[in-house]
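What follows is each chain in one-letter form.
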Amino acid sequence: MIAVIDYRIGNLYNLKNALDKIDASSKIVTSPKELARAKKIIIPGVSSFDVAMRNFKHYGFYEKIIEIAHTGIPILGVCVGMQILFSIGEENTTTKGLNLIKGQVKKFTIPFKIPHMGWNQLSFTKDDNHLLSGLENGAWVYFVHSYFVETSAQFSIATTDYQQTFCSVCAHKNIYGLQFHPEKSQKNGLKILSNFCFNKD
Amino acid sequence: MLAKRIIPCLDIKNNRVVKGVNFNNLKDAGHPLELAIDYEKQNADELVFLDISASLENRNTKIELAQSVARKIFIPFTIGGGVSSLDSMIKIVKAGADKVALNSAVIKNPDLIQQGAKELGSQCIVVAIDIKKYGNRWFVHNLAGSEKTDLDAFEWAKKVADLGAGEIILTSMDRDGTQSGFDLEITAKISKTVRIPVIASGGVGKLSHFSDAFKIGYADGALAASVFHQGIFSISEVKKYLRSQAIVTRC
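Every value quoted in this text rests on a predicted model; they were computed, and no experiment measured them.

Reading guide: rules and limits
- Residues numbered from 1 in each chain as written.
- Chains lettered and ligands numbered in written order.
- Predicted model: local features only at pLDDT ≥ 70, side-chain atom pairs only at ≥ 80, totals over all residues.
- Heavy atoms only, no water.
- Phe/Tyr/Trp six-rings, centres within 6.5 Å; stacked < 30°, edge-to-face > 60°.
- Helix = DSSP H or I, 4+ residues; strand = E, 2+ residues; numbered from the N terminus.
- Buried < 20%, exposed > 50% of the residue type's maximum accessible area, 1.4 Å probe, protein only.
- Lys NZ or Arg CZ within 6 Å of the ring centre and 35° of its normal.
- Contact = heavy atoms within 4.5 Å.
- Buried area = accessible area lost by both parts, 1.4 Å probe.
- Salt bridge = Lys/Arg side-chain N within 4 Å of Asp/Glu carboxyl O.
- Core = buried A, V, L, I, M, F, W, Y, C linked by side-chain atoms within 4.5 Å.
- pLDDT = per-residue confidence, 0-100.
- Pairing = 2+ DSSP bridges.
- 1 Å grid on protein atoms, 1.4 Å probe; cavity = no way out; pocket = protein on both sides within 12 Å on 5 of 7 lines; lining within 4 Å.
- Points joined across faces, edges and corners; volume = space filled by probe spheres on them.

Visitor: What is the right way to look at the packing of aromatic side chains in this model?
Guide: Aromatic rings considered in pairs are described by the distance between their centres and by the relative angle of their planes. On inspection of all chains with the given rule, the structure shows 15 aromatic pairs over all chains. Between phenylalanine 108 of chain A and phenylalanine 148 of chain A, the aromatic rings sit 5.1 Å apart at their centres with planes inclined by 25 degrees, giving stacked as the arrangement. Highlighted residues: phenylalanine 108 of chain A in the loop between β7 (101–107) and β8 (116–121) and phenylalanine 148 of chain A in strand β11 (residues 147–151), separated in sequence by 40 residues. Per residue, the accessibility class of phenylalanine 108 of chain A equals that of phenylalanine 148 of chain A, and both read buried. Every member of this aromatic cluster is reached through a ring pair, and the members are Phe108, Phe112, Phe143, Phe148, Tyr162, Phe166 and Phe180 of chain A. The ring of tyrosine 59 of chain A carries arginine 8 of chain A above its face, with NZ or CZ at 3.9 Å from the centroid. When the ring centre of phenylalanine 154 of chain B is taken as reference, the NZ or CZ atom of lysine 189 of chain B above it lies at 4.3 Å.

In structure tokens:
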């Protein structure tokens, strides 16, 4: 079973709908107890870094996820769910993240329209990660965000350009993150979700 | 690079897709679910669902139909028409909308934009602005275009952006359904001023109208209905043409 963590931010309906579409057996979990049976975990997120972390702690997921992360169970963060995998965020106020991957979450300071909203491309920086298997370099995916992850190149498996280049897909051991919304990225997004859900790790 | 978006719009009345000219003489254009699935296949970048008679009939959006569409498509989906409270916005998001389109209700009560943005995030709040040109100025209309307001379109666009809207759909009623091209002047004026995406709407008839929306109108996306419903061209054809004009689109 793939657990989708519900920590009361944003709407999980579309992500669940996409997982159903690819026939992945998934369950929305509202308490850390329910994570015991999870084979893999998805942390969604449509909100701000500070609110996401606050809720994550409030509903008791903070220690549990850090503990599970060290057992090797695959974890996928989506959008703000990816951002909180990192060490620190600067949205609204400086907030510590889960620190499962070293890096910081910063605001775009470019003269372009913010949020970065719409379809943009993935530029692969490593070719051997199963998460992107079956996709072509330059694959289009759907983004909505005003903050981006700044991390070491070793943790980034794809980047995207919006005036500046930022990490759009990260991977470190069993921890993965997508800055875009796979559930809204049509066939490319469904393929990435399948890769995560059905990879035998 | 961020792609320019092509967005088909489903105007809904009595559970059917309809399309008129200058917001009048509505004719049947097909079944919402069938059209939605077809447009996704054609590589539409997003889909907009507007229950156009909801405000006039003083009722909320028809959620069930919108939800049945949301379930079948995996691209961004905007639902609007008759959205008049924070509660109805939340209901619409729960039905599977990524964005909620607000129109008549925020003309009456602009604070609703702020409330929505605070609760659901700016990215979720789209303000649809229906405008008509009078002399050298554009004024906002409400209740599916039936009533002129005193709001100047340019000032209103700035205001909704300041209040926290994440996107504007700017529809020229003068051009709607006429296939004579977008109103580029006001689209450019607004898009160059506000720091949120502006979607040009109303008037597409030729492929070059799409490239004009981006090159002359500075729009971030172009919304169209008639040309797609009537099969005058497919979305893939539009994108192919735009790429030939050096405009970035999603393949």
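Visitor: Please clarify how the interface of chain A and chain B should be interpreted in this entry.
Guide: Interfaces are often sized by the amount of accessible area the parts lose when they come together. On the side of chain B, 37 residues touch chain A, which itself brings 29 residues to the contact. Sorting the residues of chain A by area buried against chain B places Lys113, Met117 and Trp119 of chain A first, and these three jointly supply 29% of that buried surface. Taken together, the connections running from chain A to chain B amount to 2 salt bridges. The salt bridge partner of lysine 184 of chain A is aspartate 98 of chain B, with a shortest N-O separation of 2.8 Å.

Visitor: Even after reading the chapter, I still don't get the nonpolar core, so can you show me in this structure?
Guide: In summary, soluble globular proteins display a tendency toward joint burial of nonpolar side chains. Ranked by size, the top nonpolar core spans 76 residues in total, and within it Ile6, Leu47, Ile129, Ile168, Ile190, Phe210 and Phe228 of chain B carry the most contacts. Those residues within four positions of isoleucine 190 of chain B in sequence are excluded, and the remaining contacts are Ala153, Phe154, Ala157, Ile168, Leu170 and Val198 of chain B. In this structure, Phe56, Ile68, Phe143 and Tyr162 of chain A belong to the second largest nonpolar core, which totals 71 residues.

Visitor: Hey, could you run me through the confidence of the model for chain B in this one?
Guide: Low pLDDT means the predicted coordinates in that region are not meant to be read closely. Residue and element names in this part refer to chain B. Taken as a whole, chain B shows an average pLDDT of 93; of its residues, 100% reach a score of 70 or greater. Strand β3 (residues 24–30) is the least confidently modelled element of chain B, averaging 87 in pLDDT, while helix α8 (residues 207–215) averages 98, the highest of any element. Confidence estimates for the predicted assembly give a pTM of 0.93 and an ipTM of 0.90.

Visitor: So what exactly am I meant to see when it comes to the pairing of strand β1 (residues 5–13) of chain B here?
Guide: Two faces, one strand: in a regular strand the side chains alternate between the faces of the sheet. Residues and elements named next belong to chain B. Buried residues dominate β1, accounting for 8 of its 9 residues. Where β1 and strand β12 (residues 221–224) come together, 4 bridges link them in parallel fashion. If you follow proline 8 over to β12, its bridge partner there is alanine 224. Sheet analysis places β1 next to strand β4 (residues 47–51), joined by 4 bridges and oriented parallel.

Visitor: Just to check I follow, could you spell out the layout of surface pockets for this structure?
Guide: Think of a ball as big as a water molecule: rolled over the atoms, this probe shows where empty space is left. As a volume, the largest pocket reaches approximately 1,300 Å³. Lining the largest pocket are 50 residues, with Val46 and Ser47 of chain A together with Leu120, Gly121 and Gln123 of chain B sitting closest to its centre. Looking at the lining of the largest pocket, the elements with two or more residues in it are α1 (13–21), α2 (49–58), α4 (80–83) and β10 (140–145) of chain A together with α3 (86–94) and α5 (111–120) of chain B. Looking at the lining of the largest pocket element by element, the count peaks at 4 residues for α5 of chain B.

Visitor: Sorry, what's going on with unusual backbone geometry here?
Guide: Peptide bonds are mostly trans, and most non-glycine residues show a negative phi. The omega torsion of the bond from isoleucine 114 of chain A to proline 115 of chain A falls at 5 degrees, within 30 degrees of zero and hence cis. Among the secondary structure elements, proline 115 of chain A is positioned in the loop between β7 and β8. You will see that asparagine 43 of chain B, though not glycine, has its phi angle at about 80 degrees, which is positive. Assignment of secondary structure puts asparagine 43 of chain B in the loop between α1 (32–41) and β4. Despite not being glycine, leucine 143 of chain B shows a phi value in the positive range, around 50 degrees. When you line up the elements, leucine 143 of chain B lands in the loop between β8 (137–142) and β9 (147–152). Judged by relative accessible area, which is 25%, leucine 143 of chain B ranks as partly exposed.

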